[in-house]
Amino acid sequence: MASSESAVLQFFPSSTSLSAKVHPLVIFNICDCYVRRPDQAERVIGTLLGSISPDGTVDISNSFAVPHNESSDQVALDIDYHHNMLLSHQKVNPKEVIVGWYSTGFGVTGGSALIHEFYSREVQNPIHLTVDTTFMNEEATIKAFVSVSLSLGERQLAAQFQEIPLDLRMIEAERVGFDILKSTMVEKLPGDLEGMEASMERLYVLIDDVYKYVDNVVEGQVVPDNDIGRLIADTVASLPKISPPAFDRLMNDSLQDQLLLLYLSSITRTHLSLAEKLNTAAQIP
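Caption draft 1: Layout of the environment of Arg 37. Structurally, Arg 37 can be placed in the loop between helix H1 (24–35) and strand S3 (45–52). Since its relative accessible area comes to 28%, Arg 37 is described here as partly exposed. Taking the C-alpha atoms as reference points, Arg 37 and Pro 67, separated by 30 residues in sequence, lie 9.2 Å from one another. When residues no more than four places from it in sequence are discounted, the contact partners of Arg 37 are Glu 42 and Val 44. Reaching out from Arg 37, the side chain makes a polar contact with the backbone oxygen of Tyr 34 at a distance of 2.8 Å.

Encoded structure:
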């Protein structure tokens, strides 16, 4: 009786516990490069820099664009430019290493596999970050992918992009700028006081949501979650014990400091403008 052999198709994920965190600076850099791209370029491609923690979390902290030429069936990257920029960045921050690459647009395209193959030779298990710079409905679609190999026995047939968890965390000052970036048309940039006002309004909404959640749990309308309860308890415990009059006094002092800085900066700009005009008038014969 002849023995028959069977081959099994298998997926080999590059990492099962991989996740990514991206800093707002990276998103700002990518959007800035997209605005400054050549007229004939439909998208921007670049290198992601950062670090990898022992638990498999990829921290994306910096980036730079890489010139490229792209057609329907091939992509040509400027590899020399990529290596020169990498050496320049590592002179400033030696701890930053290549963690992947990015491209603008919605999701993965046909040429992404070719670019990912190049970065796979630069670093093991690179991250592919996609940023939708159109900001449809003032929403930022930012996703991270890794490559998953499809093999037939010992023969690799193809590679598939699999989405991984992505965390975008920012402080309030960065969030104000990010909200402006999502708006397609902005009449003017907000000042410090307007940014503080937007942050306070957002904080008020979050506190109101917490109040409603706690009331619903107490009344039995919502099933209590121990993790959420611990987060609320830790947040309340971190607040300083200070009386309302003292808190108002601190807030007023902070606002007075902000207004003083704005006044001094306005005086400085006025002095510089006057000095420039006097210097120009003195040079006229």
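Caption draft 2: Highlighting unusual backbone geometry. Within the chain, Asn 125 stands out as a residue other than glycine whose phi angle is a positive 55°. Note that Asn 125 resides in the loop between helix H3 (112–122) and strand S8 (127–131). According to the relative accessible area criterion, Asn 125 is partly exposed, its value standing at 31%.

Caption draft 3: The arrangement of a nonpolar patch on the surface in detail. Taken together, the side chains of Met 200, Leu 203, Ile 207 and Tyr 211 make up a nonpolar region of the molecular surface, amounting to roughly 410 Å² of accessible area. Classification of Met 200 as partly exposed rests on a relative accessible area of 42%.

Caption draft 4: Layout of the nonpolar core. Ranked by size, the top nonpolar core spans 23 residues in total, and within it Ile 60, Ile 127 and Leu 129 carry the most contacts. At the level of secondary structure, the elements contributing two or more residues to this core comprise strand S2 (19–22), H1, strand S4 (57–65), strand S7 (97–104), S8 and strand S9 (142–152). Among the elements that make up this core, the one with the highest residue count is H1 (four residues). Beyond its immediate chain neighbours, meaning those up to four positions away, Ile 60 contacts Ala 20, Lys 21, Val 22, His 23, Val 26, Leu 48, Leu 49, Val 99 and Ile 127. If you look at the next biggest cluster of nonpolar residues, it comprises twelve residues, including Phe 64, Val 66, Leu 77 and Leu 86.

Caption draft 5: Up close: the side chain of Asp 132. Within the fold, Asp 132 resides in the loop between S8 and S9. Among buried Asp, Glu, Lys and Arg side chains, Asp 132 stands out as unpaired, with Lys 143 the closest opposite charge at 9.2 Å. Sequence-distant contacts of Asp 132, that is, excluding residues within four places in its chain, are made with Gly 105, Phe 106 and Thr 141.

About the thresholds
- Residues numbered from 1 in each chain as written.
- Predicted model: local features only at pLDDT ≥ 70, side-chain atom pairs only at ≥ 80, totals over all residues.
- Heavy atoms only, no water.
- Helix = DSSP H or I, 4+ residues; strand = E, 2+ residues; numbered from the N terminus.
- Buried < 20%, exposed > 50% of the residue type's maximum accessible area, 1.4 Å probe, protein only.
- Contact = heavy atoms within 4.5 Å.
- Polar contact = N/O pair within 3.5 Å; in protein donor to acceptor, adjacent residues only side chain to side chain.
- Patch = residues over 30% accessible without salt bridge, like charges linked within 9 Å, V, L, I, M, F, W, Y side chains within 5 Å.
- Areas by Shrake-Rupley, 256 points an atom, 1.4 Å probe, with all protein chains shown as cover.
- Salt bridge = Lys/Arg side-chain N within 4 Å of Asp/Glu carboxyl O.
- Core = buried A, V, L, I, M, F, W, Y, C linked by side-chain atoms within 4.5 Å.
- Lys, Arg positive; Asp, Glu negative; His and termini not counted.

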